[in-house]
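Take a look at the letters that make up each chain.
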Amino acid sequence: MSFEPDLAGEEAATPARGPFGLLSQWAQNRRSTLWAVFSLMMVALALFALVRLASETSYGAVVAAIMHTSPLRLIAAVVLTAVSFLLLTLYDYHAFEAMGRRQPWVRIAPGAVAAYAVAQTTGFGPLSGGAIRMRYYTPLGFTTVEIARVVVFVTAAFGIGVALTGAVGAFWAGDALATVTRLPVEMVHLIAGATLAGGALLVVLAGRRVVLPFSGGREVELPSRSLVLRQIAVTALETAAAAGTLWVLMPSGTISYAAFLPVYTVALVLGILSHVPAGLGVFEAVLLAALGGVAPPAELLAAFALYRLIYQVLPLALSSFGLALAEGRRLTAQGPAAAALRAMGGLVPQVLAAFALVLGTMLVFSAVTPARGIDLEWLASFLPLTLIEGAHLIASILGAVLMISARGLAFRLDGAWWAAMVASLGALVLSLVKAVAVYEAATLALFAGALFLSHHEFNRRARLLAQTLSPPWIAAVAVVMIAAWVILHFVFRHAQVGTESFLRFEISAQAPRGIRAFFGASLFAGLAAIWSLLRPVRGTDRAATPEEIARAVAIVEAQPVASANLVRMGDKRLLFSEDGRGFVMYGRQGRSWIALFDPVGPLDVWPELIWRFVESARQAGARAVFYETSPEQLALYADAGLRFYKMGEQARVDLEGFSLTGGKKSGWRNTLSRGAREGLAVEILPPEQVPEVAPRLRAISDHWLGERGAAEKGFSLGAFETDYVCQQPVAVMRSGEEIVAFASLMTTSVGEEVAIDLMRHEDGMPNIAMEFLFLRLCEILKEQGVRWFDLGMAPLSGFTESDAAPLWHRLGRAIYEEGVPSYNFKGLRSFKNKLQPEWRARYLAVAGGAAPALVLLDATRLIGRRPKEEK
């Protein structure tokens, strides 16, 4: 695909596929691709180091250490995990308190637990903590800015708390830590002292406005001292509990808890910074390098494995099943409980997706490790060898299926649900046939049960193979495969494996069986990734035909949003839902596919349309954008992996409450009286009468454009084309008998809303003329039973003035206040505000990784095209 800033014509509309298309797509997604490559490099280096460090032990020794772990230690680890997750919920609780919106703990806890359970096992794309919070808190009425502030608070609290906790541990056990890290004890104390001094300074400055490092020189108001102290205490206790979970699983006498705490925090932070999902390999390599000299490596590796199971897999499994049960109760719940259960049910796809990724990893790892000989001999006594061998190979491939389907589950694809259900049930049976893996089968049964209970959440009709795997997803699967190969090498490093032994089929030939399973899973995953990147694009991306526009207009007439009538312009492409009840209208500019407004049609077709549009753009190597989306359904865009940026606010007059009575409305009455004295009159012409006055309207329009040196625009704005203008009512204002101004109106058969489209007038009119026109329109439309009068959007208005606001808000606020030579942002809002409208936020929803400023530049160019240019 071309990298030019402008694309036009059918040739550019056809996305390149094959090797050149792959290179183009890689270049256009280079940021996520580079992070994916970085993650693969980190995990490869970490696993290489881990194998070198564990070279003195064996797989059998690790298994023996796991089997000999005391039940009391396991119970203690489970209890400490529960304490840790309980304390993690207080991060979000304190975040809402910090921004002045304290919430009941029971309302916050489910989303917080799910966010941490998912983020600690995956932590990328729709399976990140931020995405989970967006999906949970949006239906509860929180704005994107508030949710972003929660994420910032949680991230900062974690970083500060972990640093301070590690510093306390370093002071407490400085000598032991110096021995482990091979640093001078004075250096350990110096680093710890500097960290604690920074924490003390933060407490002193709490509640004040300060300039923080990396804040760009702007002042930020810190939370109150009480809240800062409480959060530091919570983070310290939570980190101590998490570290304690691993410490109690380690052999007695390995290292004191105080000395272990800072080592754990360093390993945790490095695992996070590596961008490897769950810090796989990195976390273990750091700890083994630090502790390998004070404890047997086999016992340390056993503790690491149990820690992963207890602290990461167990909370995720329980969250999956708990949220699935909540989804089942949602159908019968009412009142406040229904809202909470709806928010919890919305998390099910992401949590189950993370669980599927973990289970797929479990199946692949299980396939490359040997089963117990006694179990295999028992199975061989009544099952043919062919069945056991086939079960082993197919179970590993089903693990790859689960990992591939995880992305589809995160995006609510029904095809992914079926694939995951069949794979989990099949793997459940095969896990018993291949090795009597009871715990593995029980976990798969739990997952299948959660899938069954939550099947209503997977309502996007799409085949699993219709999705496009992004670089982070491909990297996540590759990380698992690399780790599986390292485990295979570690387990069977003394076995002689060649072509002859690879084809050896005996009940005792476990190394060849593991290698065959690894290559089976890797081959399937690799082919799935290649197919995702290189498969041909279904359908065509072309300008809408007259027949398609007529279909779209029929859909517009049956729904209430009047501005959707912009589809009549014919300058946009159309994507219809599978059942034909809804559509998305969009244009292409540069690398952006920009959809105008929300999908048009019944709400139940929106998820499918959003998903298909995002995937179609991704398949073409483009970025998907929704321009001017409403706030009510932002969670649907979050499900598709989009991020939100406020664009401005839409003004709508509630005509039910519109009235000219009362002392505060004297200005309106004076305007109407003066307009009448000036001989002004307003009427709304139905479409059939518009052609009679079209020449006069054209003359006014041409004069209006000529005086301003402007040209017609398109996409999100109407243009004066006679055929287009004559399809909808037009409000005309006369001075005497002559039309001096007009406003084309958009409406639908529902009759709930009328929206302003074109608004043009002659020069030399009274200064109250346009206000008079709008007031009269409000009166007339109210008499006709219309509920809402849509005045359109005021760009960049309504942005927060706080210095702690995101950069996007501060930039938008600065442009709004200062203005630009060609646009008076404040003046436009001020004019619309005269009618005392209700202001509603409008958002730009952008595919993850895309810079909003570049997207807006593309949108500006698209709007600046003449309507007939988009083909």
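These notes cover the structure that comes with them. (Residues numbered from 1 in each chain as written. Predicted model: local features only at pLDDT ≥ 70, side-chain atom pairs only at ≥ 80, totals over all residues. Heavy atoms only, no water.)

### As for helix α18 (residues 385-410)
At step 1: The end-to-end C-alpha separation of α18 is 38 Å, in line with the 38 Å expected for 26 residues at 1.5 Å each.
At step 2: If you look at α18, its biggest bend is around 30°, right at Ile404.
At step 3: For α18, the tally of buried residues reaches 19 of 26 residues, placing the bulk of the element in the interior.
At step 4: Where α18 terminates, the next one or two residues include Arg412, which has phi positive at roughly 65°. (Helix = DSSP H or I, 4+ residues; strand = E, 2+ residues; numbered from the N terminus. Expected span 1.5 Å × (residues − 1). Bend = angle between axes of the 7 residues up to and from the residue. Buried < 20%, exposed > 50% of the residue type's maximum accessible area, 1.4 Å probe, protein only.)

### Some words on the pattern of salt bridges
At step 1: Within the structure shown, the criterion is met by 30 salt bridges.
At step 2: In this structure, the salt-bridge partner of Arg412 is Glu457, at a minimum N-O distance of 2.4 Å. Here Arg412 is found in the loop between α18 and α19 (414-435), whereas its partner Glu457 is found in the loop between α20 (438-453) and α21 (471-491), with 45 residues between them in sequence.
At step 3: For Arg412, a relative accessible area of 4% translates into the label buried.
At step 4: The exposure class of Glu457 is buried, given its relative accessible area of 9%.
At step 5: Where Arg568 meets Glu557, a salt bridge forms, and the shortest distance between an N and an O atom there is 2.8 Å. On the criterion of sequence distance, the pair formed by Arg568 in the loop between α24 (546-557) and β3 (573-576) and Glu557 in helix α24 is long-range, its members being eleven residues apart. (Salt bridge = Lys/Arg side-chain N within 4 Å of Asp/Glu carboxyl O.)

### A word on the packing of aromatic side chains
At step 1: A complete count under the given rule lists 29 aromatic pairs for this structure.
At step 2: On the numbers, 4.9 Å between centres and 75° between planes, the contact of Trp378 with Phe382 is edge-to-face.
At step 3: With relative accessibility at 47%, the residue Phe382 sits in the partly exposed group.
At step 4: Joined through ring pairs, the aromatic side chains of Phe85, Phe260, Tyr264, Phe283, Tyr307 and Tyr311 make up one cluster.
At step 5: In this arrangement the basic side chain of Arg551 is found over the ring face of Phe576, its NZ or CZ atom lying 3.9 Å from the centre. (Phe/Tyr/Trp six-rings, centres within 6.5 Å; stacked < 30°, edge-to-face > 60°. Lys NZ or Arg CZ within 6 Å of the ring centre and 35° of its normal.)

Honestly, it's all geometry; don't read function into it.
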